[in-house]
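# Summary of structural features
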Amino acid sequence: MPSAKMARCRTTLLQLGATAGALWGYAVLPLSMVAAAPTPECCSLLAQAFPGDVSPRGTDVWTFENEDFWSATEIRNPSCVFLPDSTEKVAQAVSLFVANECRFSIKGGGHSAIPQAANIDDGVLMPMKLLNSTQVDLEAGSIRAGMGLLMRDIYQALDPHNLTAMIGRYEKVGLGLTVGAGISYFFNREGFAVDNVINYEVVLADGSVVNANQSSHPDLFRALKGGNNNFGVVTHVTLRTVETEGAVYGGVVYYPESSIPQVTDQIYDYHTRQAVEDTLTHVLPQYGYNGTSNETIAFCPVIYNRAVEELPEIMRGWVDTPYTQSTLKKRPYADLAFELHDGFPDRQVQEQRVFTVYADADLYRDVWAAYHTWLQQWQHIPGLYGLHVVMPITQNSLVASYSKGSNVLGLDEHLTNNQTLGVLYFGLTMDSMDDTAEILPAHAEFVQSMIDLAKSRDLWHPYIMLTYSGWDQPAIASYGPENVAFLHEVQAVYDPTHVFQRLVPGGQKLPEPESL
């Protein structure tokens, strides 16, 4: 977004009082997201405790950090910005916040569209960007990473060692996915990112620092694998690494609208055959509609996790289908992460929603056709772009995940049924917050109609992937009552006064017991 547009957005934000309801265009946002208490005294106390680390509202640092987000929905009005450069400072700050009832937000990569997921109105914005160290342990097969790192940093640290980690695929995404779910290039073979975390370093509500892993605080360790920001501030994660052949074959293949029926066939084949029979395959199938040009395309990152010179036979359909452009080549993983992110701008208005189904070719075809038709009704929205992504969760990936421990995602029932699940993503991009009141309620209604369609065909699955969920989608509740009850038990042990519900209002929170 150009600087002039950012200035207008910032002016509008301040004029509107920076409430989530006004900025987002919804009258029904949860009260806890719009009633943040003023915190000038908190910022003063922080500045006294950490001279030089606190930037008040209106300063250059405040302006940069407040605007440094993927989605303009995250541009808020924090009272100040606190930039800790150590776990110890985070711990001291959390103690200060709790003692003084200061609301705060925790920002990693800033790649959520949910208002206040990583920012806050009238509270303290705490970016983790200075917690940016990496430690590669070749003997242990791991990398310790600060939560301020982006995917590019981790790939660049591991590529020279012919190693990679099970993390996100796009270079500017942060490590928040390690407490959400997380799909990597090796997802079909290694499972979710959360199940490839060896250790979480966490600052708890009482200001203490613990390491959560399989032998130390194993209950907290499991809760963090899908429990989001509800239990503490994760400052570092230790990730399992796997060996590579020194390069990967991959890139993006772009298809014209005329090839979309064949692409849709390939998507279903990938979900039910390619990803099942060869777990080194990885494809991220996407349909795109540009409202400005009225152009429809498909573009698919296509990856084979070996240092080969062309796709294996099982993936040949992706290049046998007529395409307009391909960037496929042998390259380092960091280069691939940069390639995939190219063309995705920051600071436009983003909305995302998601639900899960049992893989079905007809449903995949019908959902995209319906979404395409719906999107065309909104051409008048400046900068409109609609994105539909269809991602598989195979039995192989779940077996790999659960063989490494247990998470709270509620998908263990699928370890033996040999059915692929499809995660259906619906994304909107537009230029102005002014248009959200018109289009976003309609978008929510449309996605619900697709959920109803899946239910009518007995193909709907309750899982909502947290990292792609909309602000009002009950992602954590979708894990099932047993997992949610477990999360509340862990909360009672590690956060008995609900600090990370009350003082950290943003993001997907634990559902209240009466809402289950």
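Calculation rules
- Residues numbered from 1 in each chain as written.
- Predicted model: local features only at pLDDT ≥ 70, side-chain atom pairs only at ≥ 80, totals over all residues.
- Heavy atoms only, no water.
- Helix = DSSP H or I, 4+ residues; strand = E, 2+ residues; numbered from the N terminus.
- Rg over C-alpha atoms; globule rule 2.2 N^0.38 Å.
- Contact = heavy atoms within 4.5 Å.
- Areas by Shrake-Rupley, 256 points an atom, 1.4 Å probe, with all protein chains shown as cover.
- Lys, Arg positive; Asp, Glu negative; His and termini not counted.
- Charge placed at Lys NZ, Arg CZ, Asp CG, Glu CD.
- Disulfide = S-S within 2.5 Å.
- Buried < 20%, exposed > 50% of the residue type's maximum accessible area, 1.4 Å probe, protein only.
- UniProt positions renumbered as here; feature names shortened; annotations may be inferred.
- Core = buried A, V, L, I, M, F, W, Y, C linked by side-chain atoms within 4.5 Å.
- Axes fitted to C-alpha atoms, helices over the stretch in contact; angles between N-to-C directions.
- Parallel < 35°, antiparallel > 145°, perpendicular 65-115°, else oblique.
- Left-handed = near helix turned anticlockwise from the far one by under 90°.
- Nonpolar A, V, L, I, M, F, W, Y, C, P; charged D, E, K, R; others polar.
- Salt bridge = Lys/Arg side-chain N within 4 Å of Asp/Glu carboxyl O.
- Pairing = 2+ DSSP bridges.
- Polar contact = N/O pair within 3.5 Å; in protein donor to acceptor, adjacent residues only side chain to side chain.
- Phe/Tyr/Trp six-rings, centres within 6.5 Å; stacked < 30°, edge-to-face > 60°.
- Lys NZ or Arg CZ within 6 Å of the ring centre and 35° of its normal.

Going by an unreviewed UniProt entry, the protein carries the name FAD-binding PCMH-type domain-containing protein and comes from Cercophora samala.

## Re the overall build of the protein
Counting its regular elements, the protein contains 16 helices and 20 strands. Over its C-alpha trace the protein gives a radius of gyration of 22 Å, about what one expects of a compact globule, namely 24 Å for 516 residues. Expressed as lengths along the three principal axes of its C-alpha atoms, the size of the protein is roughly 65 × 55 × 45 Å. Contacts in the protein between residues far apart in sequence, at least 24 positions, make up 75% of those at least 6 positions apart. In the structure as shown, the protein presents an accessible area of about 18500 Å², 50% of it carried by carbon and sulfur atoms. Distance from the positive charge centre (31 side chains) to the negative charge centre (57 side chains) of the protein: 3 Å.

## Brief notes about the environment of tyrosine 155
Within the fold, tyrosine 155 resides in helix 6 (residues 151-158). When the C-alpha positions of tyrosine 155 and arginine 240 are compared, they lie 13 Å apart, and in sequence the two are 85 residues distant.

## Here's the deal with the state of the cysteines
Scanning all chains against the criterion turns up two disulfides. With a sulfur-sulfur separation of 1.9 Å, cysteine 42 is cross-linked through a disulfide to cysteine 102. Here the disulfide of cysteine 42 and cysteine 102 is left-handed, its torsion about the S-S bond being about -90°. In this pair, cysteine 42 is assigned in helix 3 (residues 40-49) and cysteine 102 in the loop between helix 5 (87-100) and strand 3 (104-107), connecting sequence segments 60 residues apart. A residue is classified by how much of its surface remains accessible, and cysteine 42, at 0% relative accessible area, is buried. The exposure class assigned to cysteine 102 is buried, which follows from its relative accessible area of 0%. Between the sulfur atoms of cysteine 43 and its disulfide mate cysteine 80 the distance is 2.2 Å. Judged by the sign of its S-S torsion, about -90°, the cystine formed by cysteine 43 and cysteine 80 is left-handed. Highlighted residues: cysteine 43 in helix 3 and cysteine 80 in strand 2 (residues 80-82), separated in sequence by 37 residues.

## Notes on the UniProt feature "domain: FAD-binding PCMH-type" (unreviewed entry) in the protein
Following the UniProt record, one finds the feature "domain: FAD-binding PCMH-type" (unreviewed entry) at residues 74-244. Its end C-alpha atoms 36 Å apart, residues 74-244 is made of 21% helix and 26% strand.

## Some words on the nonpolar core
Grouped together as the largest cluster of nonpolar side chains are 135 residues, with contacts concentrated most on Ile154, Leu175, Phe192, Tyr200, Leu220, Trp318 and Ile393. Top contributing element to this core by residue count: helix 14 (residues 436-456), with eight residues. Filtering out sequence-adjacent residues up to four positions away, phenylalanine 192 remains in contact with Ala181, Gly182, Phe187, Ile393, Leu398, Ser401, Leu409, Leu411 and Met465. In terms of nonpolar packing, the next biggest core, distinct from the first, is built from 27 residues, Cys80, Phe82, Val124 and Val203 among them.

## Examining the packing of helix 8 (residues 218-227) against helix 15 (residues 481-494)
The relative placement of two packed helices is expressed as an angle between their axes plus a distance between the axes. Closest axis-to-axis distance for the helix 8/helix 15 pair is 10 Å, and the angle between their directions is 130°. Here helix 15 runs oblique to helix 8, going by the angle between their axes. Note that helix 8 runs across helix 15; the crossing there is left-handed. Across the interface between the two elements, Asp219, Leu220, Arg222 and Ala223 of helix 8 pack against Asn483, Phe486, Leu487, Val490 and Tyr494 of helix 15. Per-class residue counts for the contact of helix 8 with helix 15 are six nonpolar, one polar and two charged.

## Digging into the pattern of salt bridges
In this structure the tally under the stated criterion is 25 salt bridges. For the salt bridge of glutamate 339 with arginine 331, the shortest nitrogen-to-oxygen distance reads 3.8 Å. Each of Glu65, Asp68, Lys107 and Lys129 takes part in a single network of salt bridges with overlapping partners.

## What about the sheet that holds strand 4 (residues 124-127)?
Sheet strands pair by backbone hydrogen bonding; their relative direction is either parallel or antiparallel. Ordered in space as 1-2-4-3, the four strands form an open sheet in which the pairing is mixed. The open sheet is flanked by strand 1 (54-56) and strand 3, the only strands paired with a single partner. In this sheet, adjacent strand axes meet at a mean angle of 20° when their direction is disregarded. Helix 5 rests against strand 2, strand 3 and strand 4 of the sheet, and its axis sits at about 165° to strand 4.

## Some details on the side chain of histidine 414
Within the fold, histidine 414 resides in the loop between helix 13 (395-402) and strand 19 (421-430). Within the structure, histidine 414 has its side chain in polar contact with the side chain of histidine 461 (distance 2.7 Å).

## Some words on the side chain of glutamate 171
Following the sequence through the fold, glutamate 171 ends up in the loop between strand 7 (163-165) and helix 7 (187-190). For glutamate 171, a relative accessible area of 8% translates into the label buried. Those residues in contact with glutamate 171 that sit more than four places away from it in its chain are Leu150, Met151, Arg152, Ala337, Phe338 and His341.

## Re the packing of aromatic side chains
Scanning all chains against the criterion turns up 24 aromatic pairs. An aromatic cluster is present here, built from Tyr287, Phe355, Trp368, Tyr371, Trp374, Trp378, Phe426 and Phe446 joined pairwise through their rings. Sitting over the face of the ring of phenylalanine 69, lysine 107 holds its NZ or CZ atom 4.3 Å from the ring centroid. Just above the ring of tryptophan 460 sits the side chain of lysine 455; from NZ or CZ to the centre is 4.4 Å.

## Structural notes on the pairing of strand 18 (residues 385-393)
The buried fraction of strand 18 is high, at eight of nine residues. Both strand 13 (residues 286-290) and strand 18 contribute to a ladder of five bridges, which runs antiparallel. From the neighbouring strand, tyrosine 289 faces strand 18, where its bridge partner is glycine 386. In this sheet, strand 19 lies alongside strand 18 in antiparallel orientation, the contact comprising nine bridges. Its bridge partner lying in strand 19, glycine 386 is registered against leucine 428.

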